[in-house]
Amino acid sequence: MIYRTLGRTGLKVSLLGYGTGGPSQFGARAGVDRAGRQRIIRRALDLGVNLFDSAEGYGASEEWLGDALDGVTREMYFIATKWGPPLGERAGRRADLAGLAESVERSLRRLRTDYIDVMQFHGVAEADYDAVVDRFYPTMKSLQQQGKVRFIGITFPLKSEPRHEGAVKALREGPKLWDTIMLKYGFLNQRAAKEVFPMAIEHDVGVINMAAVRLSLTRPGRTDEVVARLKSEAVIPRGELPDEKPFDWLIRGDVDSVISAGYKFGANHPAVSTVLTGTSSIDHLEANAKALEKPALPAEDQERLVRLLGDSAEPD
Ligand SMILES: NC(=O)c1ccc[n+]([C@@H]2O[C@H](COP(=O)([O-])OP(=O)(O)OC[C@H]3O[C@@H](n4cnc5c(N)ncnc54)[C@H](OP(=O)(O)O)[C@@H]3O)[C@@H](O)[C@H]2O)c1
């Protein structure tokens, strides 16, 4: 496993991290039971994964993660979790939402720990950014001073802001506030490389890459549909990629699947410290760890993806 420094936190995080949200929800969707979750986490640790991402909003995942990590020396891993501020859509949807301090106490209990390594504001849209900083950041700072939270991060919505408007605002206006940011960067969404990553590097803000392959690269037929649409929108010049299996040319050498190429691309930027995988399958976990043993794609393939898809901003 390769380890990279997570920006100014100084944490040496594994290039592959494990995420308990996303379509797999820590195996909940596939019916993975408690013993299965234990096996996934133990295998992840064996493979060298040391960063585990959760959220108060991911069903029972914090509790499950705390359970699966029980008995593992706390210094062997880092926990990132999140709290969703009651703003925008979330304000209307979740009347039961706990305040930040209360939510952190609950997260600590569920995760069976005294501290959270990276505590993140979850899914902050550009329109809500100022309110997060004014209304909730001071409480986060105080939790940090109390030692309950080591570092402060922010994540951004996947679907509504695939062009990372919130991240651009956060790094333009408050780069010193954020030890880490989490957003999607993959070969079907390369936008972060334009503005966000240069600012993250300049200010030493750690980047956690989420959803590098997600649905657009893992669901049969979905990749073909996305590419057909990008062709019809003239994002991709016609004739450049086949209509079916448009990325199979990436499979060569140590790249054994398009998904493997997707994780490699997601890791192959100097701003990115870790790429989360959200999987319910040990076979997939192992394949994804193998893909990141040598993250670089052949240079000409990497260049072709950037030339063809440098402007793409797929949400999923
Ligand atoms: N706004 C936010 O803060 C936010 C938003 C999204 C995600 N996140 C975090 O980022 C983490 C990663 O996001 P994600 O789970 O969407 O990302 P992802 O790892 O890009 O995609 C997960 C999907 O890919 C499939 N998959 C993974 N490896 C595979 C393989 N080798 N072969 C075939 N299918 C494979 C999984 O299915 P299987 O279960 O079958 O493997 C799952 O459906 C989340 O778990 C969450 O912790 C945060």
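Being a predicted model, the structure only gives us computed values, none of them experimental.

J.: Would you explain the site of the ligand in this entry?
T.: If you check the shell around the ligand, you find 29 residues, and the closest are Ser24, Asp53, Thr279, Ser280 and His284. Here an oxygen atom of the ligand and a backbone polar atom of Thr20 are 3.5 Å apart. Ser24 places a polar side-chain atom, nitrogen or oxygen, 2.4 Å from an oxygen atom of the ligand. Burial of the ligand by the protein amounts to 90% of the accessible area it has alone, namely 900 Å². Taken together, the residues of the shell around the ligand break down into 11 nonpolar, 14 polar and four charged.

J.: Sorry, what's going on with the layout of surface pockets here?
T.: A water-sized probe, rolled over the atoms, reveals where empty space remains. In this structure, the second largest pocket spans a volume of roughly 240 Å³. Around the second largest pocket sit 16 residues that line it, and Leu217, Thr223, Lys245, Asp248 and Val258 are the ones nearest its centre. Secondary structure elements with two or more residues in the lining of the second largest pocket: helix 8 (222-232) and helix 9 (258-267). The greatest single-element share of the lining of the second largest pocket, amounting to three residues, is contributed by helix 8. When grouped by side-chain class, the residues that make up the lining of the second largest pocket number seven nonpolar, four polar and five charged.

J.: Would you take a moment to explain empty space enclosed by the protein for this structure?
T.: According to the stated counting rule, one finds one cavity of 30 Å³ or more in the structure shown. Within this model, the largest cavity holds a volume of roughly 50 Å³. In terms of lining, the largest cavity is formed by Phe156, Pro157, Leu158, Glu161, Pro162, His164, Met182, Leu183, Lys184, Asn189 and Met210. It is strand 8 (residues 180-184) that contributes the most residues to the lining of the largest cavity, three residues altogether. When grouped by side-chain class, the residues that make up the lining of the largest cavity number seven nonpolar, two polar and two charged.

J.: Would you explain the packing of helix 4 (residues 100-111) against helix 5 (residues 129-145) in this entry?
T.: Axis angle and axis distance: for two packed helices, these are the angle between their axes and the distance between the axes, and together they describe the pair. Where helix 4 contacts helix 5, the axes come no closer than 9 Å and their chain directions differ by 40°. The orientation of helix 4 relative to helix 5 falls into the category oblique. Of the residues in helix 5, those in contact with Leu100, Ala101 and Val104 of helix 4 are Phe136, Thr139, Met140 and Leu143. In terms of residue class, the contact of helix 4 with helix 5 is built from six nonpolar, one polar and no charged.

J.: Please explain the environment of Leu11 as it appears in this structure.
T.: The topology assignment puts Leu11 in the loop between strand 1 (3-5) and strand 2 (12-14). As a C-alpha pair, Leu11 and Phe151 span 140 residues in sequence and 10.0 Å in three-dimensional space. Ignoring any residue separated from it by four or fewer positions in sequence, one finds Leu11 in contact with Arg4, Thr5, Leu6, Phe78, Asp117, Val118, Arg150 and Phe151.

J.: I tried to follow the side chain of Thr155 on my own but got confused; where do I start?
T.: Residue position: Thr155 is located in strand 7 (residues 149-155). Within polar-contact distance, the side chain of Thr155 engages the backbone nitrogen of Gly123 at 2.7 Å. With sequence-adjacent residues up to four places away left out, Thr155 is seen in contact with Lys82, Gln120, Phe121, His122, Gly123, Val124 and Met182.

About the cut-offs
Residues numbered from 1 in each chain as written. Predicted model: local features only at pLDDT ≥ 70, side-chain atom pairs only at ≥ 80, totals over all residues. Heavy atoms only, no water. Near = heavy atom within 4 Å. Polar contact = N/O pair within 3.5 Å; in protein donor to acceptor, adjacent residues only side chain to side chain. Areas by Shrake-Rupley, 256 points an atom, 1.4 Å probe, with all protein chains shown as cover. Nonpolar A, V, L, I, M, F, W, Y, C, P; charged D, E, K, R; others polar. 1 Å grid on protein atoms, 1.4 Å probe; cavity = no way out; pocket = protein on both sides within 12 Å on 5 of 7 lines; lining within 4 Å. Points joined across faces, edges and corners; volume = space filled by probe spheres on them. Helix = DSSP H or I, 4+ residues; strand = E, 2+ residues; numbered from the N terminus. Axes fitted to C-alpha atoms, helices over the stretch in contact; angles between N-to-C directions. Parallel < 35°, antiparallel > 145°, perpendicular 65-115°, else oblique. Contact = heavy atoms within 4.5 Å.

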